[in-house]
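# Topology and contacts: notes
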Amino acid sequence: MSSKPLNSSSTNQQTIIVGARDSNLSKAQFLEVQELIKVHYPSIELKPLFIKTTGDCDRSTSLKNLEKTNFFTKELDELLEKGSVHITINSAKDLPEPLSNKLSIIATTKGLDSRDALVFRQGESLKSLTSPRIATSSQRRELNL
């Protein structure tokens, strides 16, 4: 983890710079962590640094055969290692395996909503489809189907 000290003000307010992806899911995860921190540590303020990662910008690489790389975390990992941010927030599914020995998972959250959604056109259902095609880039979802 970074050795960069937390910023403190005269009111004992600490600011933690948090690196996260600039996606709706990541922003929701940041808010979830922010609320949990606020409940237990009211003097700590989380300040987000939202960025686009390789995975956000590369729309041509298939995720299906990508394995567990740092495709969605590389730039965040680099910010953390340089000390530009104190922590990062990532989806567990986006973490590389193995995790760099310079980094560690310090906490996990319950998550706000773990359900997936199956969306149909109005008037259709799974039974009404004669030859359904379901698109997913997730091996976990493919196995579930």
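Quick note: structure is the one above.
Residues numbered from 1 in each chain as written. Predicted model: local features only at pLDDT ≥ 70, side-chain atom pairs only at ≥ 80, totals over all residues. Heavy atoms only, no water.

With eight bridges joining them, strand β2 (residues 14–21) and strand β3 (residues 44–51) adopt parallel strand pairing. If you follow Ile17 over to β3, its bridge partner there is Lys47. Following the chain from β2 across helix α1 (residues 24–40) to the adjacent parallel β3, one finds a crossover that is right-handed. (Pairing = 2+ DSSP bridges. Helix = DSSP H or I, 4+ residues; strand = E, 2+ residues; numbered from the N terminus. Right-handed = clockwise from strand over helix to strand, strands pointing away.)

With that out of the way, let us pick up the packing of aromatic side chains. For any pair of aromatic rings, geometry is given as the distance between the ring centres together with the angle between the planes. Going through the model one piece at a time under the given rule, you end up with two aromatic pairs. Between the aromatic rings of Phe30 and Phe50, the centroid separation amounts to 5.8 Å while the plane-to-plane angle is 80 degrees, which identifies the pairing as edge-to-face. Highlighted residues: Phe30 in helix α1 and Phe50 in strand β3, separated in sequence by 20 residues. Ring plane angle 85 degrees and centroid distance 5.2 Å describe the contact between Phe71 and Phe72, whose orientation is recorded as edge-to-face. Relative accessible area serves as the criterion here: at 10%, Phe71 is assigned to the buried category. According to the relative accessible area criterion, Phe72 is buried, its value standing at 15%. The cationic tip of Lys27 hangs over the ring face of Phe50; the distance from NZ or CZ to the ring centre is 5.4 Å. (Phe/Tyr/Trp six-rings, centres within 6.5 Å; stacked < 30°, edge-to-face > 60°. Buried < 20%, exposed > 50% of the residue type's maximum accessible area, 1.4 Å probe, protein only. Lys NZ or Arg CZ within 6 Å of the ring centre and 35° of its normal.)

Looking now at the pattern of salt bridges. Under the defined criterion, the tally for this structure stands at eight salt bridges. Residues Arg21 and Asp94 are paired through a salt bridge, measuring 3.1 Å at the closest nitrogen-oxygen approach. On the criterion of sequence distance, the pair formed by Arg21 in strand β2 and Asp94 in the loop between β4 (87–89) and α4 (139–144) is long-range, its members being 73 residues apart. Of the charged contacts, one joins Glu124 and Arg121 as a salt bridge, the two residues approaching to 3.4 Å between their closest N and O atoms. Taking relative accessible area as the criterion, Glu124 reaches 29% and is therefore assigned partly exposed. Take Arg121: its relative accessible area is 63%, and that puts it in the exposed class. Here the salt bridges share partners, and the residues they tie into one network are Arg21, Asp56, Lys93 and Asp94. (Salt bridge = Lys/Arg side-chain N within 4 Å of Asp/Glu carboxyl O.)

Right, let's get into the side chain of Arg21. Residue classification places Arg21 among the buried positions, given a relative accessible area of 13%. Among the polar contacts listed, one links the side chain of Arg21 to the side chain of Asp56, at a separation of 2.5 Å. (Polar contact = N/O pair within 3.5 Å; in protein donor to acceptor, adjacent residues only side chain to side chain.)

You can call Asp94 buried: its relative accessible area is 8%. For Asp94, the contacting residues outside a window of four places in its chain are Arg21, Lys68, Thr69, Phe72 and Thr73. (Contact = heavy atoms within 4.5 Å.)

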